[in-house]
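Here is what each chain is made of, one letter per residue.
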Amino acid sequence: RAKARGRQRVEVHDPTRTDAGVDRLRLLGELRRGIAAGELRLHHQPLVRLADGGLCGVEALVRWQHPVRGLLPPSEFIELAERSGLVRELGAWVLEAAVEQAAAWARDAEMPDVEVSVNLSARQLTDPALVGTVTAALARHGLDPRLLVLEVTETALVNDPDVAAAALAALKGLGIGIAVDDFGTGYASLTYLQQFPVDELKIDRSFVSGLGTSDGDSAIVTTCVQLAHAVGVRAVAEGVETQAQRDALRDMGCDVGQGYLFSRPVDADALREWVVGRRA
Ligand code: C2E
Ligand code: MG
Ligand code: MG
Ligand code: MG
């Protein structure tokens, strides 16, 4: 249609010309400044063994303490960071902060040794600098690599399987764990699961929330748990909100649960209080 109106009236598809584009561009600039200014925060959510209720790990989840808009969840800025490439800086900050926190907990007599899981974006996984960044962070803080788990999505694995496989092999070589996040929502085939050196499948919240009310979701979760065990990896259920869901997961042999039933993601001090309070 643009062409029909002649050369003078070519439609402009520059996304920055729209209001939303201007907003995104402004937010991107603010995020770049915010990262440099130390405005990112980590919250932590416990992972609980379903058999005995014991704490086995925490997931580190990034937030942005925006000077005007308050504490922003990742849904407000992660996609933007990924599309612009700023996720490299963001991801490096998260890794450094999570490893530092894990090392502090390892020295803390009140805290059991917990694995800390860190989310990787697809871009980070294929970044040749990743292995060096992880190695340096572990060394700097003296963290036992067995206490670090990196979470990757099926999409990140499928996009560039050869590069992903090489990166995962190198990371496994350091002694850290690998989890597949949001399992069931992507397109990873069963062959990929055998091909990639994975330790944990995290079953997506969208299936867990239907446990007990949707026969289809229950069947999917059961199948994911069996699949995880068939390839010798741990099954983790995300988004456990009710006791009925927890009981159903335990009955089907799911190893670990994570969700609001146990705790929302909280800052490091609150997580420590949660751990100490639970022991009492
Ligand atoms: P995710 O890795 O699947 O993390 C789990 C998300 O589910 C978290 O949202 C958590 O707060 C939420 N959640 C946990 N339990 C429940 C529950 O019982 N009910 C409900 N409704 N939600 C629950 P959050 O913190 O907003 O993070 C969203 C996503 O942002 C993450 O999903 C992850 O994909 C991404 N993300 C978070 N931190 C980072 C990071 O440091 N780097 C990268 N690349 N991505 C991150
Ligand atoms: Mg300790
Ligand atoms: Mg995750
Ligand atoms: Mg997830």
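Residues numbered from 1 in each chain as written. Chains lettered and ligands numbered in written order. Predicted model: local features only at pLDDT ≥ 70, side-chain atom pairs only at ≥ 80, totals over all residues. Heavy atoms only, no water.

As recorded in an unreviewed UniProt entry, the protein goes by PAS domain S-box-containing protein/diguanylate cyclase (GGDEF)-like protein and comes from Kineococcus glutinatus.

1. Observations regarding the pairing of strand β7 (residues 200-203)
The side chains of a regular strand alternate, residue by residue, between the two faces of the sheet. Across the two faces of β7 the burial is the same, with E200 and K202 and L201 and I203 all buried. As paired elements, strand β6 (residues 177-183) and β7 share 3 bridges and run parallel to each other. In the strand pairing of β7, A179 is matched with E200. Alignment of β7 against strand β8 (residues 234-237), held across 4 bridges, turns out to be parallel. In the sheet register, I203 faces β8, and the bridge partner there is A237. (Buried < 20%, exposed > 50% of the residue type's maximum accessible area, 1.4 Å probe, protein only. Helix = DSSP H or I, 4+ residues; strand = E, 2+ residues; numbered from the N terminus. Pairing = 2+ DSSP bridges.)

2. As for the coordination of the magnesium ion (ligand 4)
For the magnesium ion (ligand 4), every protein donor is listed as D181 (OD), D182 (OD), E238 (OE) and E238 (OE), and the spread of their distances is 2.0 to 2.7 Å. Within one chain, the residues serving as donors to the magnesium ion (ligand 4) are arranged as D-D-x55-E. Between the magnesium ion (ligand 4) and the magnesium ion (ligand 3) the interatomic distance comes to 4.2 Å, and D181 is a ligand of both metals. Of this pair, D181 sits in strand β6 while E238 sits in the loop between β8 and α11 (243-251), and the two are 57 residues apart along the sequence. Here the two residues D181 and E238 agree in accessibility, since each one is buried. (Donors = N, O, S within 2.8 Å, 3.2 Å for Na, K, Ca; no water.)

3. What to know about the site of ligand 1
Around ligand 1, a shell composed of 22 residues is seen, among which R63, N119, D181, E241 and Y260 lie nearest. D181 has a polar side-chain atom sitting 2.8 Å from an oxygen atom of ligand 1. Here R205 contributes a side-chain N or O atom positioned 3.1 Å from an oxygen atom of ligand 1. Listing elements by their share of the shell around ligand 1, those giving two or more residues are β2 (55-66) and β6. Sorting elements by how many residues they give to the shell around ligand 1 places β2 first, with 4 residues. Split by residue class, the shell around ligand 1 holds 9 nonpolar, 5 polar and 8 charged. (Near = heavy atom within 4 Å. Polar contact = N/O pair within 3.5 Å; in protein donor to acceptor, adjacent residues only side chain to side chain. Nonpolar A, V, L, I, M, F, W, Y, C, P; charged D, E, K, R; others polar.)

4. Describing the state of the cysteines
For the structure on display, the rule yields 0 disulfides. No disulfide involves C224; its nearest neighbouring cysteine sulfur is the one of C254, lying 9.5 Å away. Taking relative accessible area as the criterion, C254 reaches 4% and is therefore assigned buried. (Disulfide = S-S within 2.5 Å.)

5. Comments concerning the pattern of salt bridges
Where side chains of opposite charge bring their charged atoms close, a pairing between them can arise. Inspection of the entire model under this criterion finds 17 salt bridges. A salt bridge links D52 to R49; the nearest nitrogen and oxygen atoms lie 3.1 Å apart. Judged by its relative accessible area of 52%, D52 is exposed. Its salt-bridge partner being D127, residue R88 comes within 2.5 Å of it at the nearest N-O pair. (Salt bridge = Lys/Arg side-chain N within 4 Å of Asp/Glu carboxyl O.)

6. Re the packing of helix α3 (residues 87-107) against helix α5 (residues 130-141)
Here α3 crosses α5 at 30°, and the two axes come no closer than 9 Å. Taken together, the axis directions place α3 and α5 in an arrangement best described as roughly parallel. Note that α3 runs across α5; the crossing there is right-handed. Each of L95, E96, V99, E100, A103 and R107 in α3 lies in contact with α5, whose residues at this interface are L130, T133, V134, A137, L138, R140 and H141. Class assignment of the residues belonging to the contact of α3 with α5 gives a composition of 7 nonpolar, 2 polar and 4 charged. (Axes fitted to C-alpha atoms, helices over the stretch in contact; angles between N-to-C directions. Parallel < 35°, antiparallel > 145°, perpendicular 65-115°, else oblique. Left-handed = near helix turned anticlockwise from the far one by under 90°. Contact = heavy atoms within 4.5 Å.)

7. Points about the coordination of the magnesium ion (ligand 2)
Listed as protein donors to the magnesium ion (ligand 2) are W105 (O), D108 (O) and M111 (O); their distances from the metal cover 2.4 to 2.7 Å. In the primary structure, the donors to the magnesium ion (ligand 2) are separated according to the pattern W-x2-D-x2-M. Neither residue differs from the other here; D108 and M111 are each classed as buried.

8. So, the environment of I176
By secondary structure assignment, the location of I176 is in the loop between α7 (161-173) and β6. Taking the C-alpha atoms as reference points, I176 and D144, 32 residues apart in sequence, are found 8.6 Å from one another. Apart from residues no more than four positions distant in its own chain, I176 is found in contact with V134, L138, P145, L148, L150, L171 and D199.

9. Looking at the nonpolar core
What tends to happen in soluble globular proteins is that the nonpolar side chains get buried as a cluster. L125, V134, L148, L150 and L249 are the most contacted members of the largest nonpolar core, which totals 78 residues. Broken down by element, this core gets its largest block of residues, 10 residues, from α3. Ignoring any residue separated from it by four or fewer positions in sequence, one finds L150 in contact with L95, V118, L120, V134, L171, I176, G177, I178 and A179. (Core = buried A, V, L, I, M, F, W, Y, C linked by side-chain atoms within 4.5 Å.)

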